Amino acid sequence: MRPQYLIGRNGSQQTVGGVQFIYDGVITSLLRNPSRTFTAVEMGFMMRWLETAQPEDAAAAVELVQRGSLVLSNAGWCMADEAVPTWTDMADNLALGHRLVARAFGRNASVLPRIGWQIDPFGHSAAQGSLFTAGAGFSAMFYGRLDMEERAARKAANATEYIWRPSRSLGAAAQSFAGFNIHGYDPPGFPDGRATPFHFDVTQDTPQQPAVFGPVQDNPAWDGLNVDDFVSAVLEIARNHSSYILPDEVDGTINLAWQMGTDFNYVAPIQWYQSLDRLIHYVNINTSQHGVNLFYSTPQGYADAKLAQRTAWPVKTDDQFPYWGDEKHWTWTGASARILFLQSIYLSV
Amino acid sequence: MPRARALIPRARALIVALSLSAASAGAPVLAFDRTERKAVRYNTSSRVLPGAINIHMQPHSHDDVGWLKTFDEVRLLLVRRRSALSANPALSASAALPLFAHFLTSSPPFCACVPST
């Protein structure tokens, strides 16, 4: 693999900080506060980084994974597209990643990946939702992109999360919990469409799109004190989000997931963790009044909370193709034709 | 902006610090009064609370392992992989990739633009 995204050299095409710096910085941030968490997904990068990291840094990464601060989600070599690859290559992708995880980090239950994290693929296949979720030992799969009409219908029906049983032959033996994220894989924006105030990354505050409030600033002696703005934003967005999420039917507990990051974020992780630490602190001072409780979590922790809920989840039995994206004129056509073309190449040689 | 009154203790401390440094040559002296520093210890230890609206924040970075390659870059990659594999077939973890590379270098129209590698 060409290492540009790992070492940080592809600036001519997109803003790329270098995944090696992301891992190095995240490990430092996690060591400084054991409440903090991070989820790592692409083992192609993780293994390359581990090969050349200093021994004490690699050891710190192993310690953080075993402690549950650094959590591995999906953990294939990469995050496979679901429309085009052959299922054998999809199996190889996950198997290779998981084998490397077991070898580098150990085999105990807290280490091995148990969540599918398909946040970028354009549509989702029955094979992914069965063979490569339950079949891979995952209890849940979370994803980002889905057909715009299905998204609207599911939000209206409070059915954004469900039991997914997409294999006609394997049925319930290969089902799992599944659901889509609030905003693809970005932090949530305001209900009226205003941009998210939670883009704390250095790459997200640009002249073209300035940060909404900036970092959480809690020193009254300085300009720009914005704690109240942030707490109000959290409450407003949380109340809107929870209006279409199914609660626990006995005690009303609601669990929401907010993805705090986007493409190639966390090169300077303290920008995130400083503001997230403060958000948690200031929101939770008044949990008994407003009922909102904020904390560091992971896709695994979120799935555990969902599966512990006493809730009658709806069931979905179909796959998620074809994919008609977020805007009216953004449709992924030709995926089926591409599959046949590629497979005919493999078979013809 | 701090009020003017609040500045007075700081100014006083500054003057004291500067005069100390003038008096005792050698040891460096802090230029502001550290006793006024107020650092907040943030309570970040919360977990799921029954009955509440629990927001699970998931710090993550979405890092594509490979993307934004031109067709030529992908083809070159496969061509080089095929050469390596014909030298050592034991390297192959999957049959699909070398077969695809073979197709790209031997079937028209792709073979017409295979560079000398």
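Structure: above.
**Re the pattern of salt bridges**
Residue and element names in this part refer to chain A. Here the structure, examined in full by the defined rule, presents 13 salt bridges over all chains. Of the charged contacts in the structure, one is a salt bridge between Glu150 and Lys316, with a shortest N-O distance of 2.8 Å. Remark: Lys316 occurs in strand S9 (residues 315–316) and Glu150 occurs in helix H7 (residues 148–156); sequence separation between them is 166 residues. Of the two residues examined, Glu150 and Lys316, each falls in the buried class. Note that Glu161 is salt-bridged to Lys306, the shortest N-O span being 2.8 Å. Separated by 145 residues along the polypeptide, Glu161 in strand S5 (residues 161–164) and Lys306 in helix H11 (residues 299–308) bring together distant segments of the chain.

**As for the sheet that holds strand S7 (residues 254–260) of chain A**
Here three strands make up an open sheet; going across it, the order is S7(A)-S1(B)-S8(A) and the pairing parallel. If you trace the sheet from one side to the other, it starts and ends with S7 and strand S8 (292–296) of chain A, each paired once. With strand direction ignored, the average angle separating the axes of adjacent strands in the sheet is 25°.

**A closer look at the pairing of strand S1 (residues 53–59) of chain B**
A large share of S1 of chain B lies buried, amounting to seven of its seven residues. Side-chain alternation along S1 of chain B places Ile53, Ile55, Met57 and Pro59 of chain B on one buried face and Asn54, His56 and Gln58 of chain B on a second face that is also buried. The pairing of S7 of chain A with S1 of chain B spans seven bridges and is classified as parallel. Bridge pairing links Ala257 of chain A to His56 of chain B in S1 of chain B. The pairing of S8 of chain A with S1 of chain B spans five bridges and is parallel. From the neighbouring strand, Val292 of chain A faces S1 of chain B, where its bridge partner is Ile53 of chain B.

**A short note on the sheet that holds S9 of chain A**
The strands that make up a sheet are held in pairs by hydrogen bonds between backbone atoms, and each pair lies either parallel or antiparallel. Residue and element names in this part refer to chain A. Pairing within the open sheet is mixed, and its five strands lie in the order S3-S4-S6-S5-S9. Lying at the two open borders of the sheet, with one neighbouring strand each, are strand S3 (115–118) and S9. By the bridge criterion, four bridges tie S5 to strand S6 (residues 176–180) in an arrangement that is antiparallel. What sits directly across from Trp164, in S6, is Ser176. On the sheet, H7 packs against S5, S6 and S9 and is oriented at approximately 105° with respect to S6.

**Details of the packing of aromatic side chains**
Residues and elements named next belong to chain A. This structure, assessed with the given rule, holds 18 aromatic pairs over all chains. Both rings, one in Phe200 and one in Phe230, keep their centres 5.6 Å apart while their planes meet at 40°; by these two values the pair is tilted. In this pair, Phe200 is assigned in the loop between S6 and helix H8 (227–242) and Phe230 in helix H8, connecting sequence segments 30 residues apart. Across this residue pair, the class does not change: Phe200 and Phe230 are buried.

**So, unusual backbone geometry**
Residues and elements named next belong to chain A. A cis amide bond, omega -10°, links Phe321 with the succeeding residue Pro322. Among the secondary structure elements, Pro322 is positioned in the loop between S9 and strand S10 (323–324). Phi is positive for Ala75, which is not a glycine, with a value near 65°. We note that Phe264 has phi near 55°; this positive angle belongs to a residue other than glycine.

About the thresholds
Residues numbered from 1 in each chain as written. Chains lettered and ligands numbered in written order. Predicted model: local features only at pLDDT ≥ 70, side-chain atom pairs only at ≥ 80, totals over all residues. Heavy atoms only, no water. Salt bridge = Lys/Arg side-chain N within 4 Å of Asp/Glu carboxyl O. Helix = DSSP H or I, 4+ residues; strand = E, 2+ residues; numbered from the N terminus. Buried < 20%, exposed > 50% of the residue type's maximum accessible area, 1.4 Å probe, protein only. Pairing = 2+ DSSP bridges. Axes fitted to C-alpha atoms, helices over the stretch in contact; angles between N-to-C directions. Contact = heavy atoms within 4.5 Å. Phe/Tyr/Trp six-rings, centres within 6.5 Å; stacked < 30°, edge-to-face > 60°.

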